[in-house]
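An overview of the molecular structure
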Amino acid sequence: KVHWAEAQEACMQANKDRFKPAKKGKNDFFKSMASGGPNKEKEDEKISEKTKNGKEYTTRTAVIIRTWTGYEYDPEDIFYLRALVNELSIQSGSEYVVHFLIHVKDDNAQVWSDEDTYQRVLDESLPEEFRGMGTLWSERQMGLIYGGVHESMYRDLPVHGAYRSTYMPVQYFAHQHPEYDFFWHWEMDIRYTGHFYHLFNQVSSWAKEQPRKGLWERNGRFYVPQEHGSWEDFRHMVRVQIEHGTAAKQNVYAKLASDAGVKDP
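Structural notes, computed from the coordinates. (Residues numbered from 1 in each chain as written. Predicted model: local features only at pLDDT ≥ 70, side-chain atom pairs only at ≥ 80, totals over all residues. Heavy atoms only, no water.)

**Here we look at helix H5 (residues 115–125)**
- Of all the positions in H5, only Thr117, Val121, Leu122 and Ser125 are classed as buried. Down the axis of H5, the buried set is contained in an arc of 125°. They therefore lie on one face. H5 presents Glu115 and Asp116 as exposed residues on the side facing more than 90 degrees away from its buried surface.
- In this structure, the buried side of H5 is in contact with strand S2 (96–103) and strand S3 (134–137). (Buried < 20%, exposed > 50% of the residue type's maximum accessible area, 1.4 Å probe, protein only. Helix = DSSP H or I, 4+ residues; strand = E, 2+ residues; numbered from the N terminus. Arc of directions from axis to C-beta. Contact = heavy atoms within 4.5 Å.)

Written out as structure tokens, the structure reads:
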């Protein structure tokens, strides 16, 4: 009978001094212009870079769970989501906050223009204990927001759709939530048997140590330890392939260019 949105909010309030005050969004800027003018806005932006205790502010991260209207949450889903909120948000003192980004599959539902419709669809789309943690979006809505992107179809999928433009609704969410420094994009079919905070912390620390050079090329390949050896060996292999090339783009794993045509006729 826990209401997880209230639990996350209470945790954030108890730890708010650890985090830098949220940046003002575009709407907040115009509100401040109406009430105090540009000088007052400039004064409000003078925020200390350290906490009251002289420590560096802790960054905040939104963990966005991708789901959709009509999704049926079974008991195992509920256990998984409770663990995610508990281990990432509550136990971290609100360093992480869990949200649901819900795809409204009915493009005719006026979720972007009618508050009653929005709230009704939102309530119907989440188990009661997670209500208050969701944001709705639809493909038609993304077409309106990203009107400058030319509409096209690829494999019968629209450019503003969930499969081709996954990050459109994520950017929309980020625009609404300037209080977060980082965003994780999480699917409902992911499971982890360890502690979620440890996983996220270790992955983030490891990522910060990776050099920018060659990042795209490493991300474009699968790393299989049994095949490639250590991570350093893999990085070296990618560097060599970048500098000397491979037989073909689709054959970056061929050990010898001479037998590429035999292995992949």
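**Topic: the packing of helix H1 (residues 4–14) against helix H4 (residues 75–90)**
- Between H1 and H4, whose axes approach to 11 Å, the crossing angle comes to 5°. Classified by the angle their axes make, H1 and H4 are roughly parallel. Counting all contacts with H1, which are made through Trp4, Ala7, Gln8 and Cys11, the residues of H4 involved are Arg82, Val85, Ser89 and Ile90.
- Of the residues belonging to the contact of H1 with H4, the class tally is five nonpolar, two polar and one charged. (Axes fitted to C-alpha atoms, helices over the stretch in contact; angles between N-to-C directions. Parallel < 35°, antiparallel > 145°, perpendicular 65-115°, else oblique. Nonpolar A, V, L, I, M, F, W, Y, C, P; charged D, E, K, R; others polar.)

**Some words on the pairing of S2**
- The element S2 is extensively covered by neighbouring structure, given that eight of its eight residues are classed as buried.
- Residues of S2 alternate between two faces, with Tyr96, Val98, Phe100 and Ile102 on one and Val97, His99, Leu101 and His103 on the opposite face, all of them buried.
- When strand S1 (residues 61–68) meets S2, the two strands line up parallel, connected through eight bridges. Considered in S2, the bridge of Ile64 is made with His99.
- With four bridges joining them, S2 and S3 adopt parallel strand pairing. (Pairing = 2+ DSSP bridges.)

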